[in-house]
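# Breakdown of the fold
For reference, the chains in residue letters:
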Amino acid sequence: MNPAPHPRPAPGLPGRRGLLGGLLAGAALAAVPALAAPAHAGARPAPAPAGPRATRPLLLGTYTSEGGGGTGIGTARYDTGTGAITPGPVITGVENPSYLAPHPSGATVYAVAEQSAGAVTAVAIGPDGTYEVLGSRPTGGSGPTHLSVHPSGRWLLSANYTSGSVAVHPIAEDGSLGERTDLVTHSSPPPGPGQGGPHAHQIVTSPDGGHVLAVDLGTDTVYTYRLDASAGTLTEVSRAALAPGSGPRHLAFHPGGRFAYLACELDNTMVVCAYDPASGALTPGPGQSTGTGSGVSYPAQPVVTGDGAYVYLANRGHNSLTRYAVEGDGAALRLLDTVPVGGDWPRQLALSPDSSLLFAANQRSSTVTVFGVGPDGSLTGAGAPFPAPVAVCVLPLP
């Protein structure tokens, strides 16, 4: 395996901290150029459809306080046939938007402000494609790294990495955010070996909408909560313990809703978890290979195709994408191969709404790479990398 191109701060500590530098000290916005124009050479080898091709919006998260980082949320459009990306203006006035999530209505997008005084920001999307920042609310914790919208569209859920807590905010009719209704800190079990404390890294709702799951890298635990849909409060109902020191980071559900796939950052594994919709209990299986060889490649995030047939995993140290075939109606993964991601430190992955394209946000090379997804789940590079300052999140919109 190729070693990680940059040293990590200390053995056992989560790798995502390595590039933040003074981020959590509340550094001011960096005045850096907007998105560069993309290169168009080497488009995916597929016949172009006749007539004009459709394009759809694409949003890009970054760190505004990183040297060479962005100045806000990047906007672009992607060709739904070739995957070619065309840059647009930057949505300014949004600090450190390192993760983005859409509202089910498509009228609003939300961003974390990953800094010591954590916050979440709402941005309205106009019918004409224009954007308006609606304001921010504090998360009550530090270093928020992930957020998601409850399927009801009424609640925004966020995970504070540095302080190890999860928060809930109400969403108004116009998409703006109200004051926080709950904050839960992961105070037990004790942190895993060398992990220093709880580190909530993801918060998502189960496919049936019945439970909220929070993945904590520091305590090696996935917490299941029930959300009070009237009060916006969380009540813990179950915990899933992962191997000590495994560092669970992100999970993705199979569309059938009975299984989830969990990337463990520190022991370089993928874990298939059974999920019981009635109780909310998540039951992890044994860790499986990521196909990246010996050592730790800091797997970041899995994504599942819309038909539930394939799972892809971003491996940051190995700079690769792992492809798994899904078997047993979601109960098993079969490792197929790994392919180079074409960038450095793939932090986050996203599939287009029809799962025909896969996007990778490569943090250290400041690029987004695009792949066409074949009928057999194979990945074919769709052109040259698209320049995007400190790309840490890519969000293709419907």
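The coordinates are above.
We now turn to the structure provided with this report. Being a predicted model, the structure only gives us computed values, none of them experimental. (Residues numbered from 1 in each chain as written. Predicted model: local features only at pLDDT ≥ 70, side-chain atom pairs only at ≥ 80, totals over all residues. Heavy atoms only, no water.)

Assigned secondary structure in the chain consists of 0 helices and 29 strands. Relative to its 398 residues, the chain shows a buried fraction of 56%. Of the roughly 14,100 Å² that the chain leaves accessible, carbon and sulfur atoms contribute 56%. (Helix = DSSP H or I, 4+ residues; strand = E, 2+ residues; numbered from the N terminus. Buried < 20%, exposed > 50% of the residue type's maximum accessible area, 1.4 Å probe, protein only. Areas by Shrake-Rupley, 256 points an atom, 1.4 Å probe, with all protein chains shown as cover.)

With that settled, consider the pairing of strand 20 (residues 299–304). With 6 of its 6 residues buried, strand 20 lies for the most part within the structure. Pairing of strand 20 with strand 21 (residues 310–315) involves 4 bridges; the strand directions are antiparallel. Paired with Pro 302 across the two strands is Leu 313, which belongs to strand 21. Here strand 20 folds back onto strand 21, and the loop between the two strands holds 5 residues, one of which, Gly 308, carries a positive phi near 75°. (Pairing = 2+ DSSP bridges.)

Now for the packing of aromatic side chains. Per the counting criterion, the structure on display carries 4 aromatic pairs. Judged by centre distance (6.5 Å) and plane angle (20°), the rings of Tyr 223 and Tyr 225 are stacked. Judged by relative accessible area, Tyr 225 falls into the buried class, the value being 2%. (Phe/Tyr/Trp six-rings, centres within 6.5 Å; stacked < 30°, edge-to-face > 60°.)

With that settled, the discussion passes to the sheet that holds strand 21. Read from one edge to the other, the open sheet built from 4 strands follows the order 20-21-22-23, with strand pairing classed as antiparallel. Edge positions in the sheet fall to strand 20 and strand 23 (332–340), since each of these pairs with one other strand and no more. With direction set aside, neighbouring strand axes in the sheet form an average angle of 25°. Here strand 22 (residues 320–327) pairs with strand 23 via 8 bridges, running antiparallel. From the neighbouring strand, Val 326 faces strand 23, where its bridge partner is Leu 333. (Axes fitted to C-alpha atoms, helices over the stretch in contact; angles between N-to-C directions.)

Let us look at the nonpolar core. Membership of the largest hydrophobic core comes to 23 residues, with the highest contact counts inside it found for Ile 73, Leu 100, Tyr 110, Leu 147 and Leu 156. Contributions of two or more residues to this core are made by strand 4 (100–102), strand 5 (108–113), strand 6 (119–125), strand 8 (144–149) and strand 29 (393–396). Among the nonpolar cores identified, the runner-up in size contains 16 residues, and Leu 58, Ala 76, Phe 359 and Ala 388 belong to it. (Core = buried A, V, L, I, M, F, W, Y, C linked by side-chain atoms within 4.5 Å.)

A word on the side chain of Thr 221. With respect to the element layout, Thr 221 can be found in strand 14 (residues 221–227). You can call Thr 221 buried: its relative accessible area is 3%. Among the polar contacts listed, one links the side chain of Thr 221 to the backbone oxygen of Thr 219, at a separation of 2.9 Å. (Polar contact = N/O pair within 3.5 Å; in protein donor to acceptor, adjacent residues only side chain to side chain.)

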